[in-house]
Amino acid sequence: MADPLVALACGLSAAFLFLLLFGLSVYLLWRKRRTQALYRGLIPATPTIPRCTTPVLQTSQSSSYGSGDVPFFVPPRFKRAPQPNEEKEEREYAEEWDLHPDLNTQRGSVTLGSWFPLGSIRPDLYQLPEEPSEWALPDGSAVRLWFALRYQQEREQLVVSLLRAANLPVQCQGNGTLVKLQLLPSDDRRQRQAKARRKGCHPQFNDTFVFQVSNGCIDQCSLKMSMYTVDHQKKHHLVGQVMIPLRHSELKETAGKVQWRDLDNESDQPLSKNGDIQVSLNYNQSLHRLTMVVLRARGLQCCSDSGVCAQVSLKIHTQVVRNKWTTVVKGNNPSFNERLTFRLLPMQLDAACLTLQLQQPSTEEPVLLGIVVIGPFMYARGRELEHWNDMVSKPQELVRQWHPLGSADTVQELQ
């Protein structure tokens, strides 16, 4: 008898608890909806914008904004008395605005005329030649280079603006073109480099470079510009070069004016008194190996027909570490094409140099025909210093260059 009563009591308790929870849920839902209705009544559906008493300049008079676009306005400008020139400019600007009404349909863009001359070029800094003859192409096969020089005396800076080139050879038109700039004499290994914007026979550069040089040294310096073409294998081939002596008085007269020079190529360079020698250099830092390839010589003043050989010496500080010789080749324009290698540590690059001597064998003593020293600033200047710096900066290729041979009187100075 007790078991049915217990079961009935449990059923009634569960039903009462369910009804209680259901009623509580309905009450909470009704209260939430009532609160939301009160908030919607307080906030209007279309916000009202107070009227602005100060006039503003809108970026677009008639435009439709999307759901994700936010219109913006330019704050008002302070008024002042207009000048005669400004009134004329405003009238011209208004006329242009009327002629081109489509400019006003660009949402988010503001045209303020001459109020904010951002990105404008100052024509007084660069005086372009007015006569068309200044941009005329050179006669024959000469390669012409246009540039501008400006020396800022208060900052002790030489500003070089490289503009364009013209009349490149046909075989160079499909390759990239670059110009290397170097201030001589200088112990700076870095060379400024300008790359042409596009390929062709009339490349344009439009690059500016700054060299730091003091007022007392500007008259002793020269600017060297060398033009190269870069083939598909990333090898540089010399097109021509020009050397410009710098004089403070001339820089003051031609400040900012566009000048041009015709480049001197290899065939146009005159032979030196004792002849020239062509060599290639390479330094492999991982193998500690310095390589010189003696290629050929020209214009030698041979005393006999006994032939010519080259002696290459590696010198560190004042000590000769190693001597090597090529085979004997006959003729005033001999071709050697021999590779000579030396062991040299990377830390010794700034203290080492290569001395090349062309000799004629003799029964008594070899006859010295000429000498050239290639090395860092401690030992060399000009082409020899440039060749050494190029070798250090281009470890993946053999850097080839011609060098004039010095006289035999310089041997005592080098030893």
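Scroll up to find the structure this text is about.
First, a word on scope: everything that follows refers to the structure included in this document. This one's a predicted model, so the numbers in the text were calculated from it and none came from an experiment.

Brief notes about the overall build of the protein chain
- Assigned secondary structure in the protein chain consists of five helices and 18 strands.
- Looking at the protein chain residue by residue over its 415 residues, the buried ones come to 34%.
- Working note: accessible area of the protein chain is about 27400 Å², and carbon and sulfur atoms make up 54% of it.

Points about the packing of aromatic side chains
- For the structure shown, the criterion picks out one aromatic pair.
- Seen from their ring centres, Tyr27 and Trp30 are 6.1 Å apart, and the 35° between their planes marks the pair as tilted. With Tyr27 and Trp30 both in helix H1 (residues 2–42) and three residues apart, this pair spans about one turn of that helix.
- For Tyr27, a relative accessible area of 42% puts it in the partly exposed group.
- Residue placement shows Arg164 over the ring face of Trp146; its charged tip is 4.9 Å from the ring centre.
- Across from the ring centre of Tyr228, 4.7 Å away, lies the NZ or CZ of Lys180, which sits over that ring.

Here we look at the sheet that holds strand E18 (residues 399–404)
- Spatial ordering of the open sheet is given by E15-E12-E11-E18, a layout of four strands whose pairing is antiparallel. Here the strands that pair on one side only, and so sit at the sheet edges, are strand E15 (335–343) and E18. Mean inter-strand twist for the sheet, computed between neighbouring axes without regard to direction, equals 25°.
- With seven bridges joining them, strand E12 (residues 289–298) and E15 adopt antiparallel strand pairing. Bridging from a neighbouring strand, Leu290 pairs with Phe342 of E15.
- Set on the sheet, helix H4 (residues 382–393) makes contact with strand E11 (276–284), E12 and E18; between it and E18 the angle comes to about 165°.

Describing the pattern of salt bridges
- Counted according to the given criterion, the structure contains four salt bridges.
- Between Asp262 and Arg144 there is a salt bridge whose closest N-O contact spans 2.8 Å. Of the two residues, Asp262 is situated in strand E10 (residues 258–262) and Arg144 in strand E3 (residues 144–152); the sequence distance between them amounts to 118 residues.
- A relative accessible area of 8% places Arg144 in the buried class.
- Residue Arg197 pairs with Asp207 through a salt bridge whose shortest N-O separation is 2.8 Å. Highlighted residues: Arg197 in the loop between strand E6 (192–195) and strand E7 (204–212) and Asp207 in strand E7, separated in sequence by ten residues.
- The class for Arg197 is exposed, based on a relative accessible area of 54%.
- Residue Asp207 is classed as buried on the basis of its relative accessible area, which comes to 18%.

Details of H4
- Taking 1.5 Å per residue, twelve residues should reach 16 Å; H4 reaches 17 Å between its end C-alpha atoms and fits that length.
- Burial in H4 covers these residues: Glu384, Leu385, Glu386, His387, Trp388, Asn389, Asp390 and Met391.

Some points on the sheet that holds strand E14 (residues 319–325)
- As summarised here, the arrangement of the four strands in space is E14-E13-E16-E17, forming an open sheet in which the pairing is antiparallel. Bordering the open sheet on either side are E14 and strand E17 (367–374), each of which pairs with just one other strand. Strand-to-strand twist in this sheet, taken as the mean axis angle between neighbours without regard to direction, amounts to 20°.
- Note that strand E13 (residues 309–316) and strand E16 (residues 352–360) share eight bridges and pair antiparallel. Bridging from a neighbouring strand, Gln311 pairs with Gln357 of E16.
- Contacting E16 and E17, H4 runs over the sheet at an angle of about 55° to E17.

Describing the environment of Leu358
- Along the chain, the position of Leu358 falls in strand E16.
- The exposure class assigned to Leu358 is buried, which follows from its relative accessible area of 0%.
- For Leu358 and Ala297, which are 61 residues apart along the polypeptide, the C-alpha to C-alpha distance reads 9.2 Å.
- Beyond its immediate chain neighbours, meaning those up to four positions away, Leu358 contacts Ile277, Ala297, Leu300, Val308, Cys309, Ala310, Phe336, Val367, Leu368, Leu369, Gly370 and Leu405.

Quick notes on the layout of surface pockets
- Here the second largest pocket defines a volume of roughly 630 Å³.
- Looking at the lining of the second largest pocket, the elements with two or more residues in it are strand E8 (222–230), strand E9 (236–245), H4 and E18.
- The element best represented in the lining of the second largest pocket is E9, accounting for five residues.
- Grouping the constituent residues of the lining of the second largest pocket by class yields six nonpolar, seven polar and ten charged.

How each quantity is defined
Residues numbered from 1 in each chain as written. Predicted model: local features only at pLDDT ≥ 70, side-chain atom pairs only at ≥ 80, totals over all residues. Heavy atoms only, no water. Helix = DSSP H or I, 4+ residues; strand = E, 2+ residues; numbered from the N terminus. Buried < 20%, exposed > 50% of the residue type's maximum accessible area, 1.4 Å probe, protein only. Areas by Shrake-Rupley, 256 points an atom, 1.4 Å probe, with all protein chains shown as cover. Phe/Tyr/Trp six-rings, centres within 6.5 Å; stacked < 30°, edge-to-face > 60°. Lys NZ or Arg CZ within 6 Å of the ring centre and 35° of its normal. Pairing = 2+ DSSP bridges. Axes fitted to C-alpha atoms, helices over the stretch in contact; angles between N-to-C directions. Contact = heavy atoms within 4.5 Å. Salt bridge = Lys/Arg side-chain N within 4 Å of Asp/Glu carboxyl O. Expected span 1.5 Å × (residues − 1). 1 Å grid on protein atoms, 1.4 Å probe; cavity = no way out; pocket = protein on both sides within 12 Å on 5 of 7 lines; lining within 4 Å. Points joined across faces, edges and corners; volume = space filled by probe spheres on them. Nonpolar A, V, L, I, M, F, W, Y, C, P; charged D, E, K, R; others polar.

It is worth stressing that arrangement in space is one thing and function is another; only the former is reported here.
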